Amino acid sequence: SPLPSLKREMRNLSEECSLEPVTVSMAYVYFEKLVLQGKLNKQNRKLCAGACVLLAAKISSDLRKHEVKHLIDKLEERFRFNRRDLIGFEFTVLVALELALYLPENQVLPHYRRLTQQS
């Protein structure tokens, strides 16, 4: 399955962009929710992963404009999609998540623990 390798890419990219482990953990939860809803397919899974990282970074970090641009550049480079597609898909993911970007601690903590133990 390509999903574990996509999550690994999400983590590596987040580390390159100096995002906190809690941000990556939130992105994982968003991504897994999309998987469980059956929203992923071969055509959109990289866009889903990228949009989850972008949304998590925006909601959990105090990013400046140039940092968001850098993150989008990295996402575009790593996942090989167009930034216009990513920005459009960000809204699609937001709707699929029912705008619920603030997550309960019990959903984020298992991923956070795993990430901080791996580092």
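Fair warning: this is a prediction, and the values are worked out from it, not measured in the lab.

Concerning the side chain of threonine 23
Phase 1: Examined against the element boundaries, threonine 23 turns out to sit in helix 2 (residues 21–36).
Phase 2: On the accessibility criterion, threonine 23 (2% relative accessible area) is buried.

So, the environment of leucine 19
Phase 1: For leucine 19, the location among the structural elements is in the loop between helix 1 (3–16) and helix 2.
Phase 2: Taking the C-alpha atoms as reference, leucine 19 lies 15 Å from alanine 49; in sequence the two are 30 residues apart.

Here we look at the packing of aromatic side chains
Phase 1: Summed over the entire model, instances satisfying the criterion amount to one aromatic pair.
Phase 2: Considering the side-chain rings of phenylalanine 79 and phenylalanine 81, the 5.9 Å spacing of their centres and the 20 degrees angle between planes classify their relative orientation as stacked.
Phase 3: Its relative accessible area of 11% is what places phenylalanine 81 among the buried residues.
Phase 4: Looking at lysine 7, its charged tip hangs above the ring of tyrosine 28, at a distance of 4.9 Å from the centre.

What to know about the nonpolar core
Phase 1: Grouped together as the largest cluster of nonpolar side chains are 39 residues, with contacts concentrated most on Met10, Tyr30, Leu71 and Leu75.
Phase 2: Looking at this core, the elements with two or more residues in it are helix 1, helix 2, helix 3 (45–60), helix 4 (65–79), helix 5 (83–96) and helix 6 (105–118).
Phase 3: Element by element, the count of residues in this core is highest for helix 3, at ten residues.
Phase 4: Other than its neighbours up to four places away in sequence, tyrosine 30 contacts Cys52, Leu55, Ala56, Ile59, Leu97, Ala100, Leu101 and Leu103.

Section: helix 4
Phase 1: Here helix 4 contains 15 residues, and its C-alpha end-to-end distance of 21 Å stays within 8% of the 21 Å for a straight helix at 1.5 Å per residue.
Phase 2: Residues of helix 4 that are buried include every one of Val68, Leu71, Ile72, Lys74, Leu75, Arg78 and Phe79, and no others. The buried residues of helix 4 occupy one face: seen down the axis, they fall within an arc of 165 degrees. For helix 4, the exposed residues lying more than 90 degrees away from the buried face are Lys65, His66 and Glu77.

Overview of the packing of helix 1 against helix 3
Phase 1: Look at helix 1 against helix 3: their axes get within 10 Å of each other, and the N-to-C directions meet at 35 degrees. Helix-helix and strand crossings are classified by hand; for helix 1 and helix 3 the assignment is right-handed. For the pair helix 1 and helix 3, the contacting residues are Leu6, Met10, Leu13 and Ser14 in the first and Arg45, Lys46, Ala49, Cys52 and Val53 in the second.
Phase 2: Classifying every residue of the contact of helix 1 with helix 3 gives six nonpolar, one polar and two charged.

Concerning the UniProt feature "domain: Cyclin N-terminal" (unreviewed entry) in the protein chain
Phase 1: Sites flagged by UniProt as "domain: Cyclin N-terminal" (unreviewed entry) map to residues 10–100.
Phase 2: A helix fraction of 75% and a strand fraction of 0% characterise residues 10–100, whose end C-alpha atoms lie 20 Å from each other.

Notes on the pattern of salt bridges
Working definition: two side chains of opposite charge can pair if their charged atoms are close together.
Phase 1: Following the criterion strictly, the structure yields ten salt bridges and no others.
Phase 2: Note that arginine 78 is salt-bridged to glutamate 9, the shortest N-O span being 3.0 Å. With arginine 78 in helix 4 and glutamate 9 in helix 1, this pair connects stretches of sequence that are 69 residues apart.
Phase 3: Two residues, glutamate 90 and lysine 58, come together in a salt bridge whose shortest N-O distance is 2.8 Å. Within this pair, whereas glutamate 90 is found in helix 5, its partner lysine 58 is found in helix 3, the two being separated by 32 residues in sequence.
Phase 4: We classify lysine 58 as partly exposed; its relative accessible area is 41%.
Phase 5: Connected via shared salt-bridge partners are Glu9, Glu16, Lys74 and Arg78.

Rules used throughout
- Residues numbered from 1 in each chain as written.
- Predicted model: local features only at pLDDT ≥ 70, side-chain atom pairs only at ≥ 80, totals over all residues.
- Heavy atoms only, no water.
- Helix = DSSP H or I, 4+ residues; strand = E, 2+ residues; numbered from the N terminus.
- Buried < 20%, exposed > 50% of the residue type's maximum accessible area, 1.4 Å probe, protein only.
- Phe/Tyr/Trp six-rings, centres within 6.5 Å; stacked < 30°, edge-to-face > 60°.
- Lys NZ or Arg CZ within 6 Å of the ring centre and 35° of its normal.
- Core = buried A, V, L, I, M, F, W, Y, C linked by side-chain atoms within 4.5 Å.
- Contact = heavy atoms within 4.5 Å.
- Expected span 1.5 Å × (residues − 1).
- Arc of directions from axis to C-beta.
- Axes fitted to C-alpha atoms, helices over the stretch in contact; angles between N-to-C directions.
- Left-handed = near helix turned anticlockwise from the far one by under 90°.
- Nonpolar A, V, L, I, M, F, W, Y, C, P; charged D, E, K, R; others polar.
- UniProt positions renumbered as here; feature names shortened; annotations may be inferred.
- Salt bridge = Lys/Arg side-chain N within 4 Å of Asp/Glu carboxyl O.

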